[in-house]
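Structure assessment
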Amino acid sequence: MNKILALFISVLLPLVTMARQSEYPIHLVGNHIYTRWTINENIQATVFLESAFPKIVFDEKFVRDNIDQLNVVLLDPGENAYIRMWIWPQAVKVSGIIRDTVSFNGKKIYVDALVADISDRPRDIIFPVYCMPEPVELDISGETVKIGRPEEEYLRDFHAYPITLDSTFLSPYINSTLTVYDPDGDSESVSGDFLFDLGNSNALVLNRSHEKVPHFLEAADRMTVKDTTRFTPNPRIELGILWPEKFGIANMLVTDNYIPVMKLDGRHLFFVGILGNRFFKNFIVVFDSDSIYLKPVGPQVIIR
């Protein structure tokens, strides 16, 4: 009897831990982050994780195929409802609105979500991490996402960076200074707001449309890639590449990362730059409502 009880406890304990902090595997496609989640207890969905998008978006075919199990009412968005997806030139038409309670991996969340054709990538749902009512911990190198880890656990080992969470777009950003260094150790700097965006596959993108950036690029011209055979120029967005020896932001120093420079518009217009997944790969990241917590895990980053 004692052996049976011990076996039962040994099986139960991992399940209790999982229930407390809900760990799930992730995988990268094109340096974007995907995971498989269970929706409403029995629907398997491929979820694209975002951090700078205002609403959950369901793919319209996924909704059609699972409307009975979703058990939601589709509302009419009207004729002129469109969304822009990062830097796409074309807007995507919204075909429905869901305002209802949906279960994500057993966590019931009231959603104000959009339905649109997002099948250009292998995803059923776009899920902004700030739509989760608990902190979300992302470990890209370890290929896991954890939900609901107790705050006291990551406060001990992580560096906290206070953020502003844009109330319109649920976009977390930090006011800081970017410094780029050439091989001789000489540097150029630009200050402003920098967006944390899981939808950005690069380490950092600089916004050529921001008033501070052209002057910064002129000063840092020696670090610009002049050989256009190394990338595909795009006149519409005036794409360029800055390739410093290293760059620093806040108290972090990052090596071995190029920096695309392009014209941005819409909701990205007011940011000097956008930090993305090649940057986040160097850390375990916790997205919380008032701070982003970072714990270095790779050799390409130094906390000064």
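It should be noted that the structure appears before, not after, this text.
First things first, this report covers the structure right here in the doc. Here the residue numbers are simple positions, counted from 1 along each chain's written sequence. Local features in this predicted model are restricted to residues of pLDDT 70 or higher, and side-chain atom pairs are both shown and tallied only at a pLDDT of 80 or more, whereas totals for entire chains, interfaces and linings draw on every residue. Side-chain metrics rest on all non-hydrogen atoms present in the structure, leaving aside hydrogens and water.

Regarding the overall build of the chain
Stated precisely, the cut-off is as follows: For the purposes of this entry, the term helix denotes a DSSP run of H or I that reaches at least four residues, the term strand denotes a run of E that reaches at least two, and both are numbered from the N terminus. Restricting the calculation to C-alpha atoms gives the radius of gyration, and the globule rule supplies 2.2 Å times the number of residues raised to the power 0.38. Exposure classes here rest on a 1.4 Å probe applied to the protein chains alone. A residue is buried below 20% of its type maximum, exposed above 50%, and partly exposed in between. In this description, contact between two residues means that some pair of their heavy atoms is separated by no more than 4.5 Å. Each accessible area is a Shrake-Rupley result for a 1.4 Å probe, and residues are judged covered by the shown protein chains and nothing else. Within this scheme the basic residues Lys and Arg register as positive and the acidic residues Asp and Glu register as negative, but His and the chain ends are omitted. Where a charge lies is defined by one atom per residue type: Lys uses NZ, Arg uses CZ, Asp uses CG and Glu uses CD.
What the chain contains, in helices and strands, is six helices and 24 strands. In terms of overall dimensions, the chain is globule-like: its C-alpha atoms have a radius of gyration of 21 Å, near the 19 Å expected for 304 residues. Counting only C-alpha atoms and orienting by the principal axes, one finds that the chain spans roughly 70 × 55 × 35 Å. Taking all 304 residues of the chain together, 50% fall into the buried category. Counting only contacts in the chain whose residues sit at least 6 apart along the sequence, the fraction spanning at least 24 positions is 65%. Here the chain displays about 14700 Å² of accessible surface, and carbon together with sulfur accounts for 52% of that area. One way to put it: in the chain the 29 positive side-chain charges average out to a point 3 Å from where the 39 negative ones average out.

Some thoughts on the environment of I126
Inspection of the secondary structure puts I126 in strand β9 (residues 125-128). With a relative accessible area of 2%, I126 lands in the buried category. A sequence separation of 63 residues divides I126 from V63, and the C-alpha atoms of the two residues are 13 Å apart.

Thoughts on the pattern of salt bridges
The line we're drawing: We count a salt bridge whenever a side-chain nitrogen from Lys or Arg sits within 4 Å of a carboxyl oxygen from Asp or Glu.
This model, assessed by the stated rule, comprises twelve salt bridges. Between D112 and R99 there is a salt bridge whose closest N-O contact spans 3.1 Å. You can see D112 sitting in strand β8 (residues 107-116) and its partner R99 sitting in strand β7 (residues 92-104), a full 13 residues away along the chain. Measuring nitrogen to oxygen at the nearest pair gives 3.2 Å for the salt bridge that ties E238 to K263. Here E238 is found in the loop between α5 (213-219) and β17 (240-242), whereas its partner K263 is found in the loop between β20 (259-262) and β21 (273-275), with 25 residues between them in sequence. A network of salt bridges, in which partner residues are shared, links K55, R99 and D112.

Things to note about unusual backbone geometry
At N31, a position not held by glycine, the phi torsion is positive, near 65°. Tracing the backbone shows N31 in the loop between β1 (23-29) and β2 (32-39). Owing to a relative accessible area of 16%, N31 belongs among the buried residues under this scheme. You will see that N71, though not glycine, has its phi angle at about 55°, which is positive. Judged by its relative accessible area of 62%, N71 is exposed.

Remarks on the pairing of strand β23 (residues 291-296)
Test applied: Two strands pair under a simple rule: DSSP has to find at least two bridges between them.
As paired strands, strand β12 (residues 159-162) and β23 are joined by four bridges and run antiparallel to one another. Its bridge partner being in β23, A160 is matched across the sheet by Y293. By the bridge criterion, five bridges tie strand β22 (residues 283-287) to β23 in an arrangement that is antiparallel. From the neighbouring strand, V286 faces β23, where its bridge partner is Y293.

Overview of the nonpolar core
Spelled out, the test is: In plain words, nonpolar cores are sets of buried Ala, Val, Leu, Ile, Met, Phe, Trp, Tyr and Cys residues tied together by side-chain atoms within 4.5 Å.
Formed by 67 residues in total, the largest nonpolar core has its most connected members in W37, F58, F104, I125, F127 and F279. Excluding residues that lie within four positions of it along the chain, W37 makes contacts with Y24, I43, Q44, A45, V47, L49, F104, N105, F127, M132 and I147. Judged by nonpolar contacts, the second largest core, of 14 residues, contains Y34, F53, I97 and A116.

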